[in-house]
Amino acid sequence: MNLSKRALRKVRRAKKSSVVASINLVSMIDIFTILIIYLLVNTAAVQIVGAEQVDLPSSVAVEPPRENVSVILTKDDVLVDGKAVMKVADIRENGPAVIPLLKQSLLEAAPLAASPGSADEGGEVNILADKSVPYSLLKKIMTTCADARFAKISLGVNPGSGKS
């Protein structure tokens, strides 16, 4: 059975169009592997700058901290977002309940927390204090944060057994 030229052309076209395009899976697997490694490394935990300077108390809390403005109380210094603001010795025992220098630093660190439109909601702040910091000082820090319109104050602890 002889086919005409037209029929032969149709057969050749059908053979060419029936070739399935292949996908190179090796490069796709490489991309997904790199993506998974990147996501695992960058979503491990929230790191707060300056937290290594503080010996935190242990707690049974398991919720990780959110990224907010952080106030760090070491044995010697008061830091806001890792920047030294003042010395702990400068805060007098009988001084005012609101610390003006700390309040100014908090307002500079999170200006949206003090805006009148967000008065209902307020901002969030993490306080990380050394175990040896007296409660009276911690109370002044929390009062200052509340006066700077930070409605949600979180205290940083080490997750553990709760025994310290």
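Details of the structure are given in the entry above.
A short tour of the structure in this document, coming up. (Residues numbered from 1 in each chain as written. Predicted model: local features only at pLDDT ≥ 70, side-chain atom pairs only at ≥ 80, totals over all residues. Heavy atoms only, no water.)

What about the overall build of the protein?
Scanning the protein from N- to C-terminus turns up four helices and seven strands. Listing every helix and strand of the protein by position from the N terminus yields α-α-β-β-β-β-α-β-α-β-β. Once local pairs closer than 6 in sequence are excluded, the contacts in the protein between residues at least 24 apart make up 70%. Carbon and sulfur atoms provide 59% of the accessible area of the protein, an area that totals close to 11,800 Å². (Helix = DSSP H or I, 4+ residues; strand = E, 2+ residues; numbered from the N terminus. Contact = heavy atoms within 4.5 Å. Areas by Shrake-Rupley, 256 points an atom, 1.4 Å probe, with all protein chains shown as cover.)

Looking at helix α1 (residues 5-17)
In this model α1 runs 18 Å from its N-terminal to its C-terminal C-alpha over 13 residues, within 8% of the 18 Å that 1.5 Å per residue would give. Sparse coverage of α1 is indicated by the burial of zero of its 13 residues. (Expected span 1.5 Å × (residues − 1). Buried < 20%, exposed > 50% of the residue type's maximum accessible area, 1.4 Å probe, protein only.)

Examining the pairing of strand β6 (residues 150-155)
In regular strands, side chains alternate between the two faces of the sheet. With five bridges joining them, strand β5 (residues 123-129) and β6 adopt parallel strand pairing. When the bridges of β6 are listed, E124 appears paired with K152. (Pairing = 2+ DSSP bridges.)

Describing a nonpolar patch on the surface
Taken together, the side chains of I23, L25, M28, I29, F32, L35, Y38 and L39 make up a nonpolar region of the molecular surface, amounting to roughly 830 Å² of accessible area. Structurally, the position occupied by I29 is in helix α2 (residues 25-42). (Patch = residues over 30% accessible without salt bridge, like charges linked within 9 Å, V, L, I, M, F, W, Y side chains within 5 Å. Salt bridge = Lys/Arg side-chain N within 4 Å of Asp/Glu carboxyl O.)

Some words on unusual backbone geometry
In this model, D81 sits at a positive phi of 50 degrees, which is unusual for a non-glycine residue. Here D81 shows up in the loop between β3 (77-80) and β4 (83-87). With a relative accessible area of 33%, D81 lands in the partly exposed category. With a phi angle near 65 degrees, R149 is a residue other than glycine that sits in the positive phi range. Along the chain, R149 turns up in the loop between α4 (135-147) and β6.

Digging into the nonpolar core
By size, the foremost hydrophobic cluster in this structure holds 23 residues, and its most contacted members are V71, L73, L102, L106 and I141. Listing elements by their share of this core, those giving two or more residues are β2 (69-73), β3, β4, α3 (100-109), β5 and α4. With four residues, α4 is the single largest residue contributor to this core. If we skip the residues at most four places from it in the chain, L106 touches V69, V71, V80, T144, C145, A148 and F150. (Core = buried A, V, L, I, M, F, W, Y, C linked by side-chain atoms within 4.5 Å.)

A look at the packing of α3 against α4
Two numbers describe how α3 lies on α4: the axes approach to 9 Å, and their chain directions differ by 45 degrees. Of the possible angle classes, the one that applies to α3 and α4 is oblique. Once α3 is placed against α4, the crossing between them reads as right-handed. Taken together, the residues of α4 that come into contact with α3 (itself represented by L102, K103 and L106) are I141, T144, C145 and D147. A breakdown of the residues in the contact of α3 with α4 according to their chemical character gives four nonpolar, one polar and two charged. (Axes fitted to C-alpha atoms, helices over the stretch in contact; angles between N-to-C directions. Parallel < 35°, antiparallel > 145°, perpendicular 65-115°, else oblique. Left-handed = near helix turned anticlockwise from the far one by under 90°. Nonpolar A, V, L, I, M, F, W, Y, C, P; charged D, E, K, R; others polar.)

Looking at the sheet that holds β3
The strand order across the open sheet formed by five strands is β4-β3-β2-β5-β6, and the pairing between neighbours is mixed. Looking along the sheet, the strands with just one partner apiece sit at the ends: β4 and β6. Looking at each pair of strands side by side, their axes are set apart by 25 degrees on average, direction ignored. The pairing of β2 with β5 spans five bridges and is classified as parallel. Looking at β5, one finds that I72 is bridged to L128. The strands that α4 touches are β2, β5 and β6; relative to β6, the one it contacts most, it runs at about 150 degrees.

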